[in-house]
Amino acid sequence: PLNLKDLFVPTAKIHSYNTRASVSKNFYIQKSNTEVKRKSFSRIGAKLWNEIPTNLRALPKATFKKKIQMILLKILENEDSYKDLEFIISKVNFYSS
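Starting afresh in each chain, residues are numbered from 1 along the sequence in its written order. Selection of residues for local features in this predicted model requires a pLDDT of at least 70, selection of side-chain atom pairs for listing and counting requires 80 or more, and totals for whole chains, interfaces and linings are taken over all residues. The basis for the side-chain values is all heavy atoms of the structure; hydrogens and waters are excluded.

A.B. asks: Looking at this model, I keep getting lost on the overall build of the chain. Mind explaining?
C.D. replies: The secondary structure content of the chain amounts to 8 helices and 0 strands. Principal-axis analysis of the C-alpha atoms places the extent of the chain at approximately 45 × 35 × 25 Å. Residues classed as buried in the chain amount to 25% of the 97 residues present. At a minimum sequence separation of 6, the contacts of the chain that also span at least 24 residues come to 36%. Only the protein chains shown count as cover for residues, with accessible areas throughout obtained via the Shrake-Rupley method and a probe of 1.4 Å. Carbon and sulfur atoms make up 58% of the accessible area of the chain, which amounts to about 7400 Å² in all. Counting 18 positive and 8 negative side-chain charges, the chain places the centres of these two groups 10 Å from one another. To qualify as a helix, a DSSP run of H or I must reach at least 4 residues; to qualify as a strand, a run of E must reach at least 2; elements of each kind are numbered from the N terminus. Remark: exposure states derive from per-residue accessible area (1.4 Å probe, protein chains only) relative to the maximum for the residue type, with buried under 20%, exposed over 50%, and partly exposed in between. Residue contacts follow a heavy-atom distance rule, with two residues in contact if any of their heavy atoms lie within 4.5 Å. Positive charges come from Lys and Arg alone, negative charges from Asp and Glu alone, with His and the N- and C-terminal ends not counted. Throughout, a charge is located at the NZ atom of Lys, the CZ atom of Arg, the CG atom of Asp or the CD atom of Glu.

Structure follows, in C-alpha cells:
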C-alpha cells in the first residue's frame, strides 16, 4: 500500500553516489534520538529488510513469503523463551543459508 511504501526510503535516493547499501537495494534507516522513534515501524521494518539476504529478496512474492515464514518458524522453534525483535533480526541471515 502507498501509505506503507512512503515510510521506507531506498538508500539510493539518499546518496548521489553508489554505496554498498544502495547497490544492494537496502532501505535507509532513519536516525533517532528518542526511544519511541527507535521502535518505530519504519525504522524496524527497514532494519529487518536490510538483514534479509538479497537472494531471498529477489524471489517471487509467494516463494519469498514461504521462505521467510520457514526461517521465522525455525528461529522461534529453536528458542525456549520470548525473544525480542533485535534477536530475531540477527538470526535471519543465519537461518536463510
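Picking up where we left off.
A.B. asks: Could you clarify how one ought to interpret a nonpolar patch on the surface in this entry?
C.D. replies: Within this analysis, patches are made of residues with over 30% relative accessible area and no salt bridge. Like charges are joined at 9 Å or less; nonpolar side chains (Val, Leu, Ile, Met, Phe, Trp, Tyr) at 5 Å or less. A side-chain nitrogen of Lys or Arg and a carboxyl oxygen of Asp or Glu constitute a salt bridge if their distance falls within 4 Å. On the surface, a cluster of nonpolar side chains totalling about 270 Å² of accessible area is made up of Leu-4, Leu-7 and Phe-41. Within the element layout of this structure, Phe-41 appears in helix α5 (residues 41-51). Under the relative-accessibility criterion, Phe-41 is labelled exposed at 52%.

A.B. asks: What is the right way to look at the environment of Lys-74 in this model?
C.D. replies: Tracing the sequence through the fold places Lys-74 in helix α7 (residues 61-77). Owing to a relative accessible area of 39%, Lys-74 belongs among the partly exposed residues under this scheme.

A.B. asks: For this particular structure, what's the right way to read the environment of His-15?
C.D. replies: Mapped onto the secondary structure, His-15 falls in the loop between α2 (11-14) and α3 (20-23). As for His-15 and Leu-2, which are separated by 13 residues in sequence, their C-alpha atoms are 23 Å apart.

A.B. asks: I keep staring at the packing of aromatic side chains and nothing clicks. Help me out?
C.D. replies: Given two aromatic rings, their pairing is described by the distance between the two centres and the angle made by the two planes. Two aromatic rings, drawn from Phe, Tyr or Trp (for Trp, its six-membered ring), form a pair once their centres lie within 6.5 Å of each other, and the interplanar angle then sorts them: stacked below 30 degrees, edge-to-face above 60, tilted otherwise. Taken as a whole, this structure holds 4 aromatic pairs when the rule is applied. Ring geometry for Phe-27 against Trp-49: centres 6.2 Å apart, planes inclined by 45°, an arrangement best described as tilted. Of this pair, Phe-27 sits in the loop between α3 and α4 (35-38) while Trp-49 sits in helix α5, placing them 22 residues apart in sequence. Members of the aromatic cluster, joined through ring pairs, are Phe-8, Phe-27, Phe-41, Trp-49 and Phe-64.

A.B. asks: Is there a simple way to think about the nonpolar core in this case?
C.D. replies: Generally speaking, nonpolar side chains in soluble globular proteins are found buried as a group. As used in this record, nonpolar core signifies buried Ala, Val, Leu, Ile, Met, Phe, Trp, Tyr and Cys residues forming a set joined through side-chain atoms within 4.5 Å. Counting 9 residues, the largest nonpolar core is built from Ile-52, Leu-56, Phe-64, Ile-68, Ile-71, Ile-75, Ile-88, Val-92 and Tyr-95. Secondary-structure elements contributing two or more residues to this core are α7 and α8 (85-96). Per-element accounting of this core gives the leading share, 4 residues, to α7. Those residues in contact with Ile-75, other than ones at most four positions away along the chain, are Phe-87, Ile-88, Lys-91, Val-92 and Tyr-95.

A.B. asks: Help me understand α7, please; the structure alone is not making it clear to me.
C.D. replies: Three or four residues apart is the spacing at which side chains of an α-helix point the same way, because the helix has 3.6 residues per turn. Any helix carries an expected span of 1.5 Å times its number of residues minus one. Helix length check: α7, at 17 residues, gives a terminal C-alpha distance of 24 Å against a target of 24 Å (1.5 Å per residue), a fit within 8%. For α7, the set of buried residues is Phe-64, Ile-68, Ile-71 and Ile-75. Down the axis of α7, the buried side of the element spans an arc of 60°, and every buried residue falls inside it. Of the exposed residues in α7, those oriented more than 90 degrees away from the buried face are Ala-62, Lys-65, Lys-66, Leu-73 and Glu-77. Each C-beta atom gives one direction from the helix axis, and the arc is the one those directions make.

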